Amino acid sequence: MKRIFYFLATNLAIVLVLSITMRLLGVEPFLNANGLNLNSLLIFAAVMGFGGAFISLAISKWSAKQMSGAVTIENPKSPDEIWLMNIVKKQSETAGIQMPEVAIFNSPVVNAFATGMSRNSSLVAVSSGLLEMMTKDEAEAVIGHEISHIANGDMVTLTLIQGVVNTFVLFFSRVIGYTVDKVIFKTRQGTGPAFFITMIVSELLLGVLASIVVMWFSRQREYRADFGGGQLAGKQKMIAALQRLKTQYETSALPKSIAALGISGEQGIGLKELFSTHPSLDDRIARLQQSTN
């Protein structure tokens, strides 16, 4: 219930902020007596599409900690906490980024994630299961994978891609809805039920197509982060960590909103693969074995 509350509260806050922003920008309604105003519609779609994505990025550290239950290490006390802080510090210096916040979340599943507004304002979190079930070499490689996500700017790039596809979906779903309403159903004044029904259906279908693009990028960044983890910790350590994940793999314990950020996530076969946040572990291992680093 706590996770659901934070999810709903966050989304309501984003909608409220964006609504106020459009009022301040003086954006006129995209539907008026003269028909569909494409300029206003484009501004509306861009503000909602990019605005939602960037607000989510801005609060990503806070929301990830709330949804996963990750607790930031302020004063490391246990041997695991001291080791973890030292490894993150060492790898972040090597990668040329500022020291991220470091946190641990309680889960028996081997997992970790990285998030944050920028390369120099980020969070790395690992599960308690990772510290218990992985060797130090394997855990070091997983941390290198997450540090590579930060150094590569993956969070910002994914946000930009999400903003573009969101804008695309919002804009064209309304254009399609308006066209069907006027051309096929011959609505003369205002808009009829056909506009809203067609808009919703179009938004769902376009959203599916858009998610394929976003998930493709998510899988590509996993390959790059594996390569980066191999550079920071050692190629064989990264391969060993991925092989360990194969033996320990369970469905990601992370909430869906941050599952794409984890070292281990949803994978699929056939058409389902198009909507997977992560490539198969076999593919990741093969790619890494074929790399030259």
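All values reported here derive from a predicted model rather than from experimental measurement. (Residues numbered from 1 in each chain as written. Predicted model: local features only at pLDDT ≥ 70, side-chain atom pairs only at ≥ 80, totals over all residues. Heavy atoms only, no water.)

(A) Geometry of the packing of helix α7 (residues 154–184) against helix α8 (residues 193–233). Contact geometry of α7 with α8 gives a least axis separation of 8 Å together with a crossing angle of 160 degrees. As summarised for this structure, α7 and α8 are arranged roughly antiparallel, according to the angle between their axes. Classified by chirality, the crossing of α8 by α7 is right-handed. Considering only residue class, the contact of α7 with α8 consists of 19 nonpolar, seven polar and six charged. (Axes fitted to C-alpha atoms, helices over the stretch in contact; angles between N-to-C directions. Helix = DSSP H or I, 4+ residues; strand = E, 2+ residues; numbered from the N terminus. Parallel < 35°, antiparallel > 145°, perpendicular 65-115°, else oblique. Left-handed = near helix turned anticlockwise from the far one by under 90°. Nonpolar A, V, L, I, M, F, W, Y, C, P; charged D, E, K, R; others polar.)

(B) Structural view of the pairing of strand β5 (residues 112–118). Within β5, five of the seven residues are buried, leaving the element largely enclosed by the surrounding structure. Note: β5 against strand β6 (residues 121–127), six bridges, orientation antiparallel. Residue pairing for β6: A112 is matched across the bridge by V126. Remark: two residues form the turn of the hairpin made by β5 and β6, two consecutive strands paired antiparallel. (Buried < 20%, exposed > 50% of the residue type's maximum accessible area, 1.4 Å probe, protein only. Pairing = 2+ DSSP bridges.)

(C) Up close: the sheet that holds β6. Pairing is mixed across the open sheet formed by four strands, whose spatial order is β3-β4-β6-β5. The open sheet has two edge strands with one neighbour each: β3 (71–72) and β5. Relative to strand β4 (residues 101–105), β3 is paired through two bridges, and the arrangement is antiparallel. Paired with T72 across the bridge in β4 is A103. Taken strand by strand, helix α3 (residues 60–68) contacts β3, β4, β5 and β6, and its axis lies near 155 degrees from that of β5. (Contact = heavy atoms within 4.5 Å.)

(D) Highlighting the nonpolar core. W83, L84, V126, L130, M134, I143 and L242 are the most contacted members of the largest nonpolar core, which totals 35 residues. The set of elements that each furnish at least two residues to this core consists of α4 (79–95), β4, β5, β6, α5 (128–133), α6 (136–151), α9 (235–248) and α11 (281–290). Leave out the neighbours within four places in its chain, and M134 touches V110, G129, A139, V142, A241, R244 and L245. Counting 10 residues, the second largest nonpolar core, distinct from the first, contains L36, A45, L170 and F171. (Core = buried A, V, L, I, M, F, W, Y, C linked by side-chain atoms within 4.5 Å.)

(E) Summary view of the packing of aromatic side chains. Taken as a whole, this structure holds five aromatic pairs when the rule is applied. Look at F168 and F172: their rings are 5.0 Å apart centre to centre, the planes differ by 50 degrees, and that puts the pair in the tilted class. Of this pair, F168 and F172 both sit in helix α7, four residues apart, which is roughly one turn of that helix. When its relative accessible area of 39% is taken as the criterion, F168 is described as partly exposed. In this structure F172 comes out as partly exposed when scored by relative accessible area, which is 37%. With a centroid separation of 5.1 Å and an interplanar angle of 85 degrees, the aromatic rings of F171 and F172 are classed as edge-to-face. An aromatic cluster is built from F168, F171 and F172, whose rings are joined through pairwise contacts. (Phe/Tyr/Trp six-rings, centres within 6.5 Å; stacked < 30°, edge-to-face > 60°.)

(F) How the structure looks around the pattern of salt bridges. The final tally for this structure, using the stated rule, is 12 salt bridges. One salt bridge in this structure joins D154 and R224, with 3.7 Å as the shortest N-O distance. Note that D154 is positioned in helix α7 and R224 in helix α8, a separation of 70 residues in sequence. The exposure class assigned to D154 is buried, which follows from its relative accessible area of 1%. Taking the shortest distance from any N to any O, the salt bridge between R284 and D226 comes out at 2.8 Å. With R284 in helix α11 and D226 in helix α8, this residue pair connects regions lying 58 residues apart in the sequence. Like R284, the residue D226 is buried in the burial classification. Here the residues in one salt-bridge network are K61, K65 and E101, joined through shared partners. (Salt bridge = Lys/Arg side-chain N within 4 Å of Asp/Glu carboxyl O.)

(G) Broad picture of α4. The terminal C-alpha atoms of α4, which comprises 17 residues, lie 24 Å apart, in line with the 24 Å expected from a rise of 1.5 Å per residue. Residues W83, L84, M85, I87, V88, Q91 and S92 constitute the buried set of α4. Contacts made by the buried residues of α4 are with β4, β6, α5, α6 and α8. Taken from the residues just after α4, G96 is the one with a positive phi, measuring 80 degrees. (Expected span 1.5 Å × (residues − 1).)

(H) Fine view of the packing of α6 against α8. α8 packs onto α6 with a crossing angle of 125 degrees between their chain directions and a minimal axis gap of 7 Å. As far as their axial angle goes, α8 and α6 are oblique. When the axes of α6 and α8 are compared, the crossing they make is right-handed. Along its contact with α6, which presents E140, A141, G144, H145, I147, S148 and H149, the element α8 presents R221, E222, A225, D226, G228, G229, L232 and A233.

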